[in-house]
Amino acid sequence: MEKHFAVIGDPIGHSLSPLMHEAGFRATGLDARYYRFRVEPEKLAEAVSGLKALGFRGWNVTVPHKENIIPFLDELTDEAGKIGAVNTVKVENGRLIGHNTDGTGFIRSIEKDIAEFSGKQAVILGAGGAAKSITVALMRKGMQLTILNRSPERAEELAKAIEAMGGEASAGELKPGAWLMADLLVQTTSLGLKGENYPFSLEGISPQTVVVDIVFREQVTPFLADAAARGCQVHNGMGMLLHQGALAWEFWWGEEAPLEVMAEALRVNPR
Ligand code: ATR
């Protein structure tokens, strides 16, 4: 029988997850479909029981539901619990299990450029939802974290949460120069989503620093262009998108995802 999956969010029109998963179903001959549903915040509870009633096997969760869905689930994986947000739900024997593949997806996307994570310095710009999943994953890899945010109190809060989990993190205000010692620099703020200019340059950054901007709508954001011009290895958010999807696939199907096929679907249809 055809198995059903979906992504829920609001807005949802631009989600690339259906493309990626459907391409995977076709390539592996799985009898499955992946839908995209806009769910308004006040309809979340109804949507979750609807998906369950309709026999969906699993779904992805995106903004603004990643935290709000938790009360409607039966169980969380360790990763989802630590991050406090869910991007993947699996239905197993009628129980809803919440998982989070964003942070590990991020790690997988940069792994080939970072020989050793443990003991190295990571600087994270931003302290929102995306920063949380990434910092938790980097902490689990043993990196020392510096979190910089426009509102420093939010960075403080995140650093405290990381320390409470046994990691090492300091916090501060988003200002130029703080990344000079970084082995890894990750831009997670929504600055640049609409093509705004960054309020600072990466002057003085070491060309050894791996630089990531998690925006994936643009191949090269102004931030990445600046880093590349200074000799740094750069990544946009496409790799994170791909790998969080592949990890969701593995969580649902219990087998390795057809990564190349999924990557190709994103390359052909990048928006
Ligand atoms: P997400 O889940 O995508 O991370 P979010 O939780 O709304 O979204 O967080 C957005 C991040 O972008 C925050 O770190 C925010 O900084 P504040 O906590 O100070 O709001 C950051 N951000 C948004 N607009 C910004 C701007 N114009 N300059 C600097 N940082 C900005």
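Basis of the calculations
- Position numbers for residues count from 1 along each chain, tracking the sequence in the order it is written.
- It should be noted that, the model being predicted, local features are given only for residues of pLDDT at least 70 and side-chain atom pairs only at 80 or more, the latter also being counted only at that level, while totals for whole chains, interfaces and linings use all residues.
- For the side-chain quantities, the full set of heavy atoms in the structure was used; hydrogens and water were omitted.
- By the criteria applied, helices consist of DSSP H or I runs no shorter than four residues and strands consist of E runs no shorter than two, each listed in order from the N terminus.
- Salt bridges, as used here, are contacts in which a Lys or Arg side-chain nitrogen is within 4 Å of a carboxyl oxygen on Asp or Glu.
- Buried residues are those whose accessible area, probed at 1.4 Å on protein chains only, stays under 20% of the maximum for their type, while exposed residues exceed 50% and partly exposed ones sit between those limits.
- The criterion is simple. A nonpolar core is a set of buried Ala, Val, Leu, Ile, Met, Phe, Trp, Tyr and Cys residues joined through side-chain atoms within 4.5 Å.
- Contact criterion: two residues are considered in contact whenever any of their non-hydrogen atoms come within 4.5 Å of each other.
- Strand pairing is assigned whenever DSSP identifies at least 2 bridges connecting the two strands.
- Look down the strands so they point away from you; if the path from the first strand over the helix to the second goes clockwise, the crossover is right-handed.
- All axes are obtained by fitting lines to C-alpha atoms, using only the stretch in contact for helices, and the reported angles, taken between N-to-C directions, cover 0 to 180 degrees.
- Roughly parallel covers angles under 35 degrees, roughly antiparallel covers those over 145, roughly perpendicular covers 65 to 115, and oblique covers all other angles.
- Two helices that cross are described as forming a left-handed crossing if the nearer one is turned anticlockwise from the farther one by less than a right angle, and a right-handed crossing if clockwise.
- Polar here means any residue outside two lists: the nonpolar Ala, Val, Leu, Ile, Met, Phe, Trp, Tyr, Cys and Pro, and the charged Asp, Glu, Lys and Arg; Gly therefore counts as polar.
- A cutoff of 4 Å decides nearness: a residue is near a molecule or strand if any of its heavy atoms lies inside that distance of it.
- Polar contacts, as counted here, are pairs of nitrogen or oxygen atoms within 3.5 Å of one another; within protein the pair requires one atom able to donate a hydrogen and one able to accept it, and residues that are adjacent in sequence qualify only if both atoms are side-chain atoms.
- Each accessible area value is a Shrake-Rupley result obtained with a 1.4 Å probe; residue values ignore everything except the protein chains displayed when judging cover.

Draft legend 1. Spatial organisation of unusual backbone geometry. Note the cis peptide between Asp10 and Pro11, where omega equals 5 degrees. The topology assignment puts Pro11 in the loop between β1 (3–9) and α1 (17–28). Val63 connects to Pro64 through a cis peptide bond whose omega is 5 degrees. By the element assignment, Pro64 lies in the loop between β3 (58–61) and β4 (75–76). Not every positive phi belongs to a glycine, and Asn93 is a case in point at roughly 50 degrees. One can find Asn93 in the loop between β5 (88–92) and β6 (95–99).

Draft legend 2. Summary view of the pattern of salt bridges. Applying the stated rule across the entire model yields 12 salt bridges. In this structure, Arg33 and Glu22 form a salt bridge, with 3.2 Å as the shortest nitrogen-oxygen distance. One end of the pair, Arg33, is in strand β2 (residues 32–38); the other, Glu22, is in helix α1, and 11 residues separate them in sequence. On the basis of relative accessible area, Glu22 is assigned to the buried category, the value being 16%.

Draft legend 3. Structural context of the nonpolar core. In this structure, Phe106, Leu138, Leu145, Ile147, Leu184 and Val186 are the most contacted members of the largest nonpolar core, which totals 30 residues. Mapped by element, the contributors of at least two residues to this core are α4 (102–110), β7 (121–125), α5 (129–140), β8 (144–149), α6 (152–164), β10 (184–187) and β11 (210–213). With near-sequence residues (within four places) excluded, Ile147 lies in contact with Ile124, Gly126, Ala127, Thr135, Ala155, Leu158, Ala159, Ala169, Ser170, Ala171 and Gly172.

Draft legend 4. Quick peek at the pairing of strand β9 (residues 168–173). Across 6 bridges, the pairing between β8 and β9 is parallel. The partner of Asn149 across the bridge, within β9, is Glu173. Following the backbone out of β8, through α6 and into the adjacent parallel β9, one traces a crossover that is right-handed.

Draft legend 5. Summary view of the pairing of β6. With 4 of its 5 residues buried, β6 lies for the most part within the structure. Pairing between β5 and β6: 5 bridges, direction antiparallel. Each bridged residue has a counterpart across the sheet, and for Val91 the counterpart in β6 is Leu96. Hairpin connection from β5 to β6: 2 residues lie between these consecutive antiparallel strands, with Asn93 at a positive phi of about 50 degrees.

Draft legend 6. Layout of the packing of α1 against helix α9 (residues 259–268). One can describe the packing of α1 onto α9 by two numbers: an axis separation of 8 Å at closest approach and a directional angle of 135 degrees. With respect to α9, the axis of α1 lies oblique. The chirality of how α1 crosses α9 is right-handed. Within the contact between the two elements, α1 uses Leu19, Met20, His21, Ala23, Gly24 and Ala27 and α9 uses Val261, Met262, Ala265 and Leu266. A per-class count over the contact of α1 with α9 returns 8 nonpolar, 2 polar and no charged.

Draft legend 7. Broad picture of the site of the ligand. Around the ligand, 13 residues are found, and the nearest of them are Ala127, Asn149, Arg150, Ser151 and Arg154. A distance of 2.7 Å is found between an oxygen atom of the ligand and a side-chain nitrogen or oxygen belonging to Asn149. Within the side chain of Arg154, an N or O atom sits 2.8 Å from an oxygen atom of the ligand. Taking 650 Å² as the accessible area of the ligand by itself, protein coverage stands at 69%.

Shape is all these values report; function is a separate question.
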